[in-house]
Amino acid sequence: MKPWDTFLPLVLPHCPGCPDLVAEDEIRNAAEEFLAKSFTWRYTTPAMVTALGQADYTPILPAGARMVKLHEGTIDTEPLCIEGSTMGEVGAAYKISLPDMSTLHVGPSAPAPGRILKALVSLSLTKSATGLNDELYDAYSAHIAWGAIAKLCEHADKPYTNPQKSGTMLARFDEAIVDARSKRSRNNSSQPMRVRGHFY
């Protein structure tokens, strides 16, 4: 894992006089936004065994992570229909949804007990995240740094206040999100971000 201070050499030269802790807070915010909007951090949940009468399941996630999008779901080997979208198996006995950032819901009725539930989701970060995993850092550290610089240069009445630079970096950051999301959607196999159970 790369802690937030690993990003400082990418950020501080653009923000002279910025305290490290202030920069690290915006780095974390930028990482959270990048992952939440680009869907680049794919994660297959560990198997969950269904229980009698239970429709809601809370998968084990990497520390400091939250779910932001549901891509696939299965019970045993049966594909599930993703509620509210055209994804998944049309006519499937069950639908799966993501009612909040930590819960998967299976409906319209609870599945029979003893079956194996799995899901493929995109993750982002929680406020408690202390860093970024190595794969994501290697792929997206520069993009995340652009987002952090954009926000820092918006801070009012600071030695590093620079609206023009903020606008330039924000445009780069937004373009990087769109590009990463498009590449991920177009060709999952070319993106090395589907991970299983890395805990930080």
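Just so you know, the residues in each chain are numbered from 1, in the order the chain's sequence is written. A pLDDT threshold of at least 70 governs which residues receive local features in this predicted model, and a stricter bar of 80 or more applies before side-chain atom pairs are shown or counted, although totals over entire chains, interfaces and linings include all residues. As a convention, hydrogens and water are excluded, and side-chain values are obtained from all of the structure's heavy atoms.

Draft legend 1. Inspection of the packing of helix 3 (residues 134-152) against helix 4 (residues 163-186) at higher detail. At their nearest, the axes of helix 3 and helix 4 sit 8 Å apart, and the two run at 145° to each other. For the element pair helix 3 and helix 4, the recorded crossing hand is left-handed. Between helix 3 and helix 4, the contacting residues are Tyr140, His143, Ile144, Trp146, Gly147, Ile149 and Ala150 on the first element and Lys165, Ser166, Met169, Leu170, Arg172, Phe173, Ala176 and Ala180 on the second. Of the residues assigned to the contact of helix 3 with helix 4, the class counts are 10 nonpolar, 3 polar and 2 charged. Only C-alpha atoms enter the line fits that serve as axes; for helices the fit covers just the stretch in contact. Angles between N-to-C directions range over 0 to 180 degrees. By the criteria applied, helices consist of DSSP H or I runs no shorter than four residues and strands consist of E runs no shorter than two, each listed in order from the N terminus. The handedness criterion is simple: a crossing whose near helix is rotated anticlockwise from the far helix by less than a right angle is left-handed, and one whose near helix is rotated clockwise is right-handed. By definition, residues are in contact when any of their heavy atoms lie within 4.5 Å. Residues are sorted three ways: Asp, Glu, Lys and Arg are charged, Ala, Val, Leu, Ile, Met, Phe, Trp, Tyr, Cys and Pro are nonpolar, and all the rest, Gly among them, are polar.

Draft legend 2. Spatial organisation of the sheet that holds strand 9 (residues 104-107). Pairing in this open sheet of 4 strands is mixed, and the strands run 4-9-8-7 from one edge to the other. Edge positions in the sheet fall to strand 4 (56-57) and strand 7 (81-82), since each has one partner strand and no second. Each pair of strands is called paired provided DSSP finds at least two bridges between the two strands.

Draft legend 3. Inspection of helix 4 at higher detail. Expected helix span is computed as 1.5 Å times (number of residues minus one). Counted at 1.5 Å a residue, the expected span for helix 4 with its 24 residues is 34 Å, and the 34 Å between its end C-alpha atoms agrees. Classification of residues uses two cut-offs on accessible area relative to the type maximum, computed with a 1.4 Å probe and protein chains only: under 20% is buried, over 50% is exposed, and between them is partly exposed. Inspection of helix 4 places Ser166, Met169, Phe173, Ala176, Ile177, Ala180 and Arg184 among the buried residues, and these make up the whole buried set.

Draft legend 4. Quick peek at helix 3. Bend angle per residue: angle between axes fitted to the 7 residues ending at that residue and the 7 residues starting there. Residue Tyr140 marks the point of greatest curvature in helix 3, where the axis turns by about 70°. Looking at the buried side of helix 3, the elements it contacts are strand 1 (2-3), helix 1 (8-11), helix 2 (20-38), strand 11 (131-132) and helix 4. Here a polar contact is recorded for every N or O atom pair within 3.5 Å, except that within protein the pair must consist of a potential hydrogen donor and a potential acceptor, and residues adjacent in sequence are included only if both atoms are side-chain atoms. Sitting at the head of helix 3, Asn133 places a side-chain oxygen 3.0 Å from the backbone nitrogen of Glu135.

Draft legend 5. Spotlight on the pattern of salt bridges. Think of a salt bridge as a Lys or Arg side-chain nitrogen and an Asp or Glu carboxyl oxygen that are within 4 Å of each other. All told, the structure shown has 8 salt bridges when counted by the stated rule. For Arg115, the salt bridge is made with Asp76, and the minimal N-O distance between the two is 3.0 Å. Of the two residues, Arg115 is situated in the loop between strand 9 and strand 10 (116-125) and Asp76 in the loop between strand 5 (65-75) and strand 6 (78-79); the sequence distance between them amounts to 39 residues. A residue is classified by how much of its surface remains accessible, and Asp76, at 37% relative accessible area, is partly exposed. For the salt bridge of Asp179 with Lys183, the shortest nitrogen-to-oxygen distance reads 3.3 Å.

Draft legend 6. How the structure looks around the environment of Val49. Mapped onto the fold, Val49 is located in strand 3 (residues 48-49). In contact with Val49, not counting residues within four places along its chain, are Tyr57, Gly114, Arg115 and Ile116.

Draft legend 7. Highlighting the pairing of strand 9. Strand direction decides the pairing type here: strand 4 and strand 9, joined by 2 bridges, are antiparallel. From the neighbouring strand, Tyr57 faces strand 9, where its bridge partner is Leu104. With 3 bridges connecting them, strand 8 (residues 95-97) and strand 9 associate as antiparallel partners. Bridging across to strand 9, Lys95 finds its partner in Gly107. Count of turn residues in the strand 8/strand 9 antiparallel hairpin: 6 residues.

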